[in-house]
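Listed here are the chains, written in short residue letters.
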Amino acid sequence: MYVCLCNGITDGHIREAAMNGCDSLRDLRRELGVGSQCAKCARHARQVLRDTRSAVAATSVSVSSDQSVAVQYWPQPA
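Residues numbered from 1 in each chain as written. Predicted model: local features only at pLDDT ≥ 70, side-chain atom pairs only at ≥ 80, totals over all residues. Heavy atoms only, no water.

Turning to helix 1 (residues 11–19), its buried residues are Asp11, Ile14, Ala17 and Ala18. The buried residues of helix 1 occupy one face: seen down the axis, they fall within an arc of 120 degrees. Facing away from the buried side of helix 1, by more than 90 degrees, are the exposed residues Glu16 and Met19. Its buried side turned inward, helix 1 meets strand 1 (2–4), strand 2 (9–10), helix 2 (25–32) and helix 3 (42–59). (Buried < 20%, exposed > 50% of the residue type's maximum accessible area, 1.4 Å probe, protein only. Helix = DSSP H or I, 4+ residues; strand = E, 2+ residues; numbered from the N terminus. Arc of directions from axis to C-beta. Contact = heavy atoms within 4.5 Å.)

See the structure below:
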């Protein structure tokens, strides 16, 4: 679904950016241009980012091969 019509940015683009390290609306604006024109998309873009980061946090459990200890990543709120 299109989130930013001015720049043709979809929720998929935002999810991909979140998976690649974007963790704030400022990061999304810098990387994708979200909210840089009319800014009507900012609220929805921020929500997609939060939802994606929450989903990633819930599934980001990795096991260290040396110590066999689960490590969980908890990103900071945007």
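After that view, the rundown keeps rolling.
Core analysis: the largest hydrophobic core is formed by 15 residues, its most contacted members being Ile14, Leu25, Leu28, Val34 and Ala45. Among the secondary structure elements, those contributing two or more residues to this core are strand 1, helix 1, helix 2 and helix 3. Ranked by residue count, the leading element in this core is helix 3, at 4 residues. With sequence-adjacent residues up to four places away left out, Ala45 is seen in contact with Val3, Ile14, Leu25, Leu28 and Val34. (Core = buried A, V, L, I, M, F, W, Y, C linked by side-chain atoms within 4.5 Å.)

A few words now on the state of the cysteines. Tallied over the entire structure, the rule returns 0 disulfides. With no disulfide partner, Cys41 has as its closest neighbouring cysteine sulfur the one in Cys4, 3.8 Å distant. (Disulfide = S-S within 2.5 Å.)

To continue, consider the environment of Leu49. With respect to the helices, strands and loops of the structure, Leu49 is situated in helix 3. In sequence terms Leu49 and Met19 are 30 residues apart; their C-alpha atoms lie 9.5 Å from each other. The residues touching Leu49, leaving out its near neighbours within four places in the chain, are Ile14, Ala18, Cys22, Asp23, Ser24, Leu25 and Leu28.

Examined against the element boundaries, Asp11 turns out to sit in helix 1. Setting aside residues up to four positions removed in sequence, Asp11 forms contacts with Met1, Val3 and Val48.

Our focus in this paragraph is the pattern of salt bridges. Taken as a whole and judged by the stated rule, the model has 3 salt bridges. Across the salt bridge formed by Arg15 and Asp11, the nearest N and O atoms sit 2.9 Å from each other. Remark: Asp11 and Arg15 occur in helix 1; sequence separation between them is 4 residues, near one turn of the helix. Judged by its relative accessible area of 15%, Asp11 falls in the buried class. When the shortest N-O distance is used, the salt bridge between Glu31 and Arg30 registers 4.0 Å. For the pair Glu31 and Arg30, one class covers both residues: exposed. Ionic contacts of the salt-bridge type, sharing partners, join the residues Asp27, Arg30 and Glu31 into one network. (Salt bridge = Lys/Arg side-chain N within 4 Å of Asp/Glu carboxyl O.)

Just geometry here; none of it tells us what the structure is for.
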